[in-house]
Amino acid sequence: MASITVPISNTSSNEPILDNGQGVIDPDVYFQINEPPADLPEFESKLNAFVDYHKELGSKVVFITSGGTTVPLENQTVRFIDNFSNGTRGATSAEYFLEAGYAVVFMHRQNSIQPYNRHYTHSNMGFLDYLEPKEDGSVQVLTQYAAKMHKLLTKYNQAKDTNRILMLDFVTLPEYLFKLQSGSKVLARLETRAMYYLAAAVSDFFIPSQKMAEHKIQSRDGGLTLTLDQVPKFLKPLVSNWAAKGLIVSFKLETDNNLLVPKARQALTRYGHQVVIGNMLKTRKQTVTLITQHREKVLSLTPQQVENDIEIESEIIPELVRIHQNWIDSGKTE
Ligand code: PMT
């Protein structure tokens, strides 16, 4: 399986890679042939401290993954493949989980949308458009924006001051996968009180580092043809080993409506976890289908709600909080 048509002398090695006979490597093999991120020990130590703190308090903790992973094309990366996800789902959900009393681990793509800050960093207005300079040298928020900003700032500071939000980040696919594995194992100490809310858009294809160009791919070599290997499905070990007792919520994104529910249900059967949230690329902000073993529930906003800036996460999160409580109380979702 050649990965990339670049001069062979430019690749780091031609070592064969173990696979399952169908061209997809085992998740364990993935971790053997890829380097862990340099900041993994720091990631683990922050998360351990957060989990210890909340285990002591008896908090419910949600591990949110948010935003898209990049797939590097060169070991010394200049170019990479990305995807559309900007992290709105994860960041918005984090706010509603905090409102519901959860502690939140927000593992997000670096520079993607963040809870509370999202209202200002990703609006049509620039940050400075909310402010006015005063003659005494100070800066003031313009009156028409002050009430909303005061409310959000208060909630944001409360979450930080009470140690109820931990911000952790990733950029590349291997970084995400190593941190997902390690993070899930740390959270597993909370047993059923942990929820895993896997909203990140994770690449399904990658170039193993052994097959990757070491240096910047040169345009003088002509056009570029890429062959990507398939990323193993990490939901499988996550459900069976890393986070066996927690409530696991995965997402299914589709563009063909006919495939949405069958594929979401297939994922639930294949991996044996508790909830799949199906969403369509074009309507994901207005409607989702929440699928559990015995139920399918469509959550939708009315046009009026959309006009009034009601967010679909205000319906998703209370539903999940209810399911999670059942899970804690009885080991069942309903
Ligand atoms: O960020 P936004 O712009 O707001 O968009 C939000 C969203 C549309 C990205 C989000 O709502 C969503 O649907 N996220 C999941 C998208 C996705 O990757 O779907 P998938 O069908 O490729 O993967 C399904 C599940 O399998 C995911 O929960 C993922 O955690 C898991 N997976 C995926 C790839 C892989 N190699 N291993 C996995 O375990």
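The structure this text deals with has already been given above.
Everything in this summary refers to the structure shown in the same document. (Residues numbered from 1 in each chain as written. Predicted model: local features only at pLDDT ≥ 70, side-chain atom pairs only at ≥ 80, totals over all residues. Heavy atoms only, no water.)

Here we come to the environment of Tyr130. One can find Tyr130 in the loop between α4 (118-121) and β5 (131-133). The class of Tyr130 is buried, set by a relative accessible area of 6%. Expressed as a C-alpha distance, the spacing of Tyr130 and Asn279, which sit 149 residues apart in the sequence, is 33 Å. Not counting chain neighbours up to four residues away, the residues in contact with Tyr130 comprise His119, Tyr120, Ser123, Met125, Gln140, Val141, Leu142, Tyr145 and Met149. (Helix = DSSP H or I, 4+ residues; strand = E, 2+ residues; numbered from the N terminus. Buried < 20%, exposed > 50% of the residue type's maximum accessible area, 1.4 Å probe, protein only. Contact = heavy atoms within 4.5 Å.)

Lining the immediate surroundings of the ligand are 23 residues, of which Ser85, Arg89, Leu235, Lys252 and Asn279 lie closest. Between the ligand and Arg89, the relevant distance is 2.8 Å, taken from an oxygen atom to a main-chain nitrogen or oxygen of the residue. Between a nitrogen atom of the ligand and a main-chain N or O atom of Phe234, the distance comes to 3.2 Å. Starting from 780 Å² of accessible surface for the ligand in isolation, the protein chains cover 94%. Listing elements by their share of the shell around the ligand, those giving two or more residues are α3 (88-99) and β11 (247-254). Examining the composition of the shell around the ligand, we find that 4 residues originate from one element, β11, more than from any other. Taken together, the residues of the shell around the ligand sort by class into 12 nonpolar, 6 polar and 5 charged. Both domains that meet at the shell around the ligand, namely domain 1 (2-117 + 146-243) and domain 2 (246-329), each give it at least three residues. (Near = heavy atom within 4 Å. Polar contact = N/O pair within 3.5 Å; in protein donor to acceptor, adjacent residues only side chain to side chain. Areas by Shrake-Rupley, 256 points an atom, 1.4 Å probe, with all protein chains shown as cover. Nonpolar A, V, L, I, M, F, W, Y, C, P; charged D, E, K, R; others polar. Domains from an automatic or database assignment.)

Time to look at the packing of helix α2 (residues 40-57) against helix α6 (residues 173-187). Any two packed helices are characterised by how steeply their axes cross, that is the angle between the axes, and by the distance between the axes. Interaxial distance between α2 and α6 falls to 10 Å at its minimum, and their mutual angle equals 25 degrees. Between α2 and α6, the angle is such that the two are roughly parallel. Our pair here, α2 against α6, has a crossing hand that is right-handed. Between α2 and α6, the residues in contact are Leu40, Phe43, Glu44, Leu47, Asn48 and Val51 and Phe178, Lys179, Ser182, Gly183, Val186 and Leu187, respectively. Tallied by class, residues from the contact of α2 with α6 come to 7 nonpolar, 3 polar and 2 charged. (Axes fitted to C-alpha atoms, helices over the stretch in contact; angles between N-to-C directions. Parallel < 35°, antiparallel > 145°, perpendicular 65-115°, else oblique. Left-handed = near helix turned anticlockwise from the far one by under 90°.)

Glancing now at the pattern of salt bridges. For the structure on display, the rule yields 21 salt bridges. With a shortest N-O distance of 2.8 Å, Arg89 and Glu313 are connected by a salt bridge. Residue Arg89 is found in helix α3, and its partner Glu313 is found in helix α10 (residues 313-330); the two are separated by 224 residues along the sequence. Taken individually, Arg89 and Glu313 each receive the classification buried, so the pair is uniform in this respect. A salt bridge links Glu319 to Arg295; the shortest N-O distance between them is 3.2 Å. With Glu319 in helix α10 and Arg295 in the loop between β13 (287-291) and β14 (296-300), this pair connects stretches of sequence that are 24 residues apart. Residue Glu319 is classed as buried on the basis of its relative accessible area, which comes to 9%. On the accessibility criterion, Arg295 (32% relative accessible area) is partly exposed. (Salt bridge = Lys/Arg side-chain N within 4 Å of Asp/Glu carboxyl O.)

Everything listed here is a matter of coordinates, which is why it stays silent on function.
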